[in-house]
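This is what each chain is made of:
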Amino acid sequence: MAVVIGALLAARTSLRVTNEGRSALSEAGKATNVAYWVPLSAPLEELDAEGSTESQCGIQLSAWLSEHGSLLPSPQAILLRSTSEEPLAVSFTADGRFSDPREGFILQCGAPSLPAGEPERGELEWAPLLLRLDEDAQGRLHALTPTTDGPVPATVTVKGTRPVGLGALIQGDYAFDGTIRAQADGSPVSLPIDGAASDGTAIAWPGLPSRGTLRVVAGLENDGTTAFFCNVASSTQAGGVCLPRSDNEAMTIRHQAQQIRTDYLTVRDTVADAFRAPRPAPETESRTAFVRVDPWNDPALQADDADEQFEGWCSQSAFRADRVECETGADCFLSQDANTAACGDPSTNTWTPYRILAPVQPAIDDGSEPTLSPVGLRLVNGAWCTFHSGGPDVAVEGWGGSAGECVEPGGVAYPFWSTYPSGPLGQPYLFELGGSGYLRIAVREGTPDAPDYEDVAQIFY
């Protein structure tokens, strides 16, 4: 009996991938246009920014970053070529593992950028490519790129007669250790990282949460003295000067980094508590119902990726841990991981998820229990009432002012009024129940002696 032994050969691919590189250090030993991730355990007391400018870090700071920090592998100048004459569709995957974000901050020497010059003869257009390291529901790792319709697998088409240059920007909230690969018509090709002269392809991504990431930039103040500029989760701008906590610049940065982490943990933990044990609706012995607004109870919203994002800050409400006040002016509620806020209209139950770029400022704990703070009222007549802090255009004598406005289904609008002392639940606009058994509000052209009352069917909080 003859025995035939065969060998399985790996599928070859027409794809060729090179890294055109970027210089981490100039000839003078100063880091230029790069960013380093620095762990909180680094010896910040040894940090020296002498000789640093808005475009580069000084010699001492550059050496300290090289020793104690990790050069972020983003951006990368990736060049794709194909030996095939047919168009070659290239997608990207990631092989490795995720873990919790590592404790640290970013110290930036100038604005991270790709190298200038022409690495390829002839005209070559460099296209930006955002590679976001995420994990899908099946546990597979994918490199994704965002679109107006949400994140999709990143794809590029390469033709044999024309190479494709990519300015690859890497992102990811969680730490990742592994390799990004380009997949085409055969076996995948690992992307070389951090320079054409390097054969290394594995990356150690520290995890940069879209909220709670402190970015520190070495720069100069107007008088020419060296200073550090701090902001949170910004890609290029320097932001404000780091708040001085001591004469030691390193301690200043350490304080900022630790404060960011403290705020992050405070909000995260209080939000989790709010989901585990939400405050019960108060007892009023009335027919008025209390509706707890919970947009994240909708599985469709949970599965909806946040295409929108906040540019500024959000503040946690003292009345409810998972409720935040953000720049949109809409009612916003945090997801359980406190990384996304659903903002929208409780009256129609329509919501838009926003990714939060900055850490939510925690509510001030004054030692008292938070009281009920409604976001809207539904009247028995069908009107929806919202609140505002401004006074009415026309005051009603004897009343404290307008608490908000009600709009009936037909479009008829009218203010509702507040007065003191406060009524039920400590709210100045809510009055004791009438003959119908509902709590009431005073509306239209009422007076203290003869107010026009409307019954409140539901209180949304």
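Criteria and thresholds
- Residues numbered from 1 in each chain as written.
- Predicted model: local features only at pLDDT ≥ 70, side-chain atom pairs only at ≥ 80, totals over all residues.
- Heavy atoms only, no water.
- Salt bridge = Lys/Arg side-chain N within 4 Å of Asp/Glu carboxyl O.
- Helix = DSSP H or I, 4+ residues; strand = E, 2+ residues; numbered from the N terminus.
- Buried < 20%, exposed > 50% of the residue type's maximum accessible area, 1.4 Å probe, protein only.
- Contact = heavy atoms within 4.5 Å.
- Disulfide = S-S within 2.5 Å.
- Core = buried A, V, L, I, M, F, W, Y, C linked by side-chain atoms within 4.5 Å.
- Arc of directions from axis to C-beta.
- Polar contact = N/O pair within 3.5 Å; in protein donor to acceptor, adjacent residues only side chain to side chain.
- Expected span 1.5 Å × (residues − 1).
- Pairing = 2+ DSSP bridges.

A. Main features of the pattern of salt bridges. All chains considered together, the criterion is met by nine salt bridges. A salt bridge links Asp95 to Arg181, with the nearest nitrogen and oxygen atoms 2.4 Å apart. With Asp95 in strand S5 (residues 88–99) and Arg181 in strand S12 (residues 175–183), this pair connects stretches of sequence that are 86 residues apart. The partly exposed category is assigned to Asp95, whose relative accessible area is 38%. When salt bridges with common partners are traced through the structure, they connect Arg132, Asp173 and Arg355 into a single cluster.

B. Structural detail: the environment of Cys406. Along the polypeptide, Cys406 turns up in strand S27 (residues 401–407). Judged by its relative accessible area of 0%, Cys406 falls in the buried class. Spatially, the C-alpha atom of Cys406 lies 8.9 Å from that of Phe387, the residues being 19 residues apart in sequence. For Cys406, the residues in contact, after removing those within four places along its chain, are Leu379, Ala383, Trp384, Cys385, Val412, Ala413, Tyr414, Phe416 and Ile441.

C. Highlighting the state of the cysteines. All chains considered together, the criterion is met by five disulfides. The disulfide partner of Cys57 is Cys109, and the gap between their sulfur atoms is 2.0 Å. Given an S-S torsion of about -95°, the disulfide between Cys57 and Cys109 has left-handed geometry. Linking Cys57 in the loop between strand S2 (34–39) and helix H1 (59–68) with Cys109 in strand S6 (residues 104–109), this pair joins segments that are 52 residues apart in sequence. For the residue pair Cys57 and Cys109, the accessibility class agrees, reading buried in each case. With a sulfur-sulfur separation of 2.0 Å, Cys385 is cross-linked through a disulfide to Cys406. The S-S bond linking Cys385 to Cys406 shows a torsion near 105°; that makes this disulfide right-handed. Of this pair, Cys385 sits in strand S26 (residues 384–387) while Cys406 sits in strand S27; the two residues are 21 residues apart in sequence, bridging distant segments of the chain. Within the protein chain, bonded cysteines paired by disulfides and numbered along the sequence follow the pattern 1-2, 3-4, 5-6, 7-8, 9-10.

D. Spotlight on the nonpolar core. Core analysis: the biggest nonpolar cluster contains 33 residues, and Leu15, Leu80 and Phe92 have the highest contact counts within it. Those residues in contact with Leu15 that lie beyond four places of it in its chain are Leu80, Arg81, Leu88, Val90, Ala182, Ala184, Asp185 and Val189. One finds Ala31, Leu214, Cys242 and Ala257 within the second-largest nonpolar core, a separate group that totals 27 residues.

E. Representation of H1 within the structure. Within H1, burial applies to Leu61, Ser62, Trp64 and Leu65. An end-on view of H1 places all buried positions within 160° of arc, on one side of the element. Tucked inside the fold, the buried residues of H1 contact S2, S6, strand S15 (214–220) and strand S16 (226–232).

F. Just unusual backbone geometry, in detail. Here the bond from Ser74 into Pro75 is cis, since omega is 5°, no more than 30 degrees from zero. Look at the link from Tyr420 to Pro421: it is a cis peptide, with omega at 5°. With phi around 60°, Asn349 is a residue other than glycine that occupies positive phi space. The topology assignment puts Asn349 in the loop between strand S23 (340–345) and strand S24 (350–355).

G. Layout of the side chain of Ser335. Looking at the element boundaries, Ser335 is found in the loop between strand S22 (331–334) and S23. Within polar-contact distance, the side chain of Ser335 engages the side chain of Asp337 at 2.6 Å. Here Ser335 is in contact with Val271, Phe275, Trp296 and Thr340, once residues within four sequence places are set aside.

H. Geometry of helix H2 (residues 249–276). The end-to-end C-alpha distance of H2 is 41 Å, a good match for the 40 Å that 28 residues give at a rise of 1.5 Å each. Residues Ala250, Thr252, Ile253, Gln256, Ala257, Ile260, Asp263, Tyr264, Val267, Val271, Ala272 and Ala274 constitute the buried set of H2. As for H2, its buried residues are in contact with S6, S15, S16, strand S20 (315–316) and S22.

I. Expanded view of the environment of Ala127. Summarising the element assignment, Ala127 is placed in strand S7 (residues 126–135). Accessibility expressed as a relative area gives 35% for Ala127, which makes it partly exposed. For the pair formed by Ala127 and Ala77, sequence separation is 50 residues and the distance between their alpha carbons is 9.9 Å. Those residues in contact with Ala127, other than ones at most four positions away along the chain, are Gly165, Leu166 and Gly167.

J. Layout of the sheet that holds S24. Read across the open sheet, the six strands follow the order S19-S24-S23-S22-S21-S20; overall the sheet is mixed. If you trace the sheet from one side to the other, it starts and ends with strand S19 (308–309) and S20, each paired once. For S22 and S23, the ladder comprises four bridges, and the chain directions are antiparallel. Opposite Asp331, over in S23, you have Gly344 as the bridge partner.

Read these as spatial facts, not as claims about activity.
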